[in-house]
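Descriptive analysis of the structure
The chain contents come next:
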Amino acid sequence: MPRSTRRRPEPTHPATEEIDLLDVLHALADPTRMTIVRVLRAEPERACGTFPVDVAPSTLSHHFKVLRESGVITQREEANRRFSALRTADLEHRFPGLLDTVLAAHARTGPGATPDAS
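Notes on the structure follow. (Residues numbered from 1 in each chain as written. Predicted model: local features only at pLDDT ≥ 70, side-chain atom pairs only at ≥ 80, totals over all residues. Heavy atoms only, no water.)

A look at the packing of aromatic side chains
Following the criterion strictly, the structure yields one aromatic pair and no others. An angle of 65° between the planes, with centres 5.4 Å apart, marks the rings of F51 and F64 as edge-to-face. Placement of the pair is F51 in the loop between β1 (46-47) and α3 (57-70) and F64 in helix α3, with a sequence separation of 13 residues. We note that F51, like F64, is buried. (Phe/Tyr/Trp six-rings, centres within 6.5 Å; stacked < 30°, edge-to-face > 60°. Helix = DSSP H or I, 4+ residues; strand = E, 2+ residues; numbered from the N terminus. Buried < 20%, exposed > 50% of the residue type's maximum accessible area, 1.4 Å probe, protein only.)

Observations regarding the packing of helix α2 (residues 31-42) against helix α5 (residues 98-109)
Interhelical geometry of α2 versus α5 gives an angle of 115° and a closest axis separation of 11 Å. Judged on the interaxial angle alone, α5 and α2 are roughly perpendicular. Here the hand of the crossing between α2 and α5 comes out left-handed. Along the contact surface, α2 presents M34, V37, R38 and R41, while α5 presents L99, D100, V102, L103 and H106. Residues of the contact of α2 with α5, tallied by class, amount to five nonpolar, one polar and three charged. (Axes fitted to C-alpha atoms, helices over the stretch in contact; angles between N-to-C directions. Parallel < 35°, antiparallel > 145°, perpendicular 65-115°, else oblique. Left-handed = near helix turned anticlockwise from the far one by under 90°. Contact = heavy atoms within 4.5 Å. Nonpolar A, V, L, I, M, F, W, Y, C, P; charged D, E, K, R; others polar.)

Concerning the pairing of strand β3 (residues 81-86)
On a regular strand, one side chain projects to one face of the sheet and the next to the other, so that they alternate. Among the six residues of β3, five are classified as buried, and the element is accordingly described as predominantly covered. With two bridges connecting them, β1 and β3 associate as antiparallel partners. If you follow A47 over to β3, its bridge partner there is F83. Two elements, strand β2 (residues 73-78) and β3, share six bridges in a ladder whose sense is antiparallel. Within β3, the position partnered with T74 by the bridge is A85. (Pairing = 2+ DSSP bridges.)

So this is what it looks like as structure tokens:
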């Protein structure tokens, strides 16, 4: 049976001025989404199926959707792959220092962090 020639719609992203702080904080509150954000902070862009997370593809798609609709990431299509990138400049413009603060806090308290000696 031949494959469909219909293309999936291009992903939509909020404009910079429409990025909402509570939506961003909600998106960053999930460990899987934080893994995606940490990886994208280290790499400018990455194909969606290549992140080091242990979730079903449908669940991973949901996480990307939450990140994209909140304004944390942008996605683009290339052939049959979807690539993701952090919207670092947009987030810094809207909420200066937020991404760095959340990533630093996650590094101190997230999975794999070493407990404080205090």
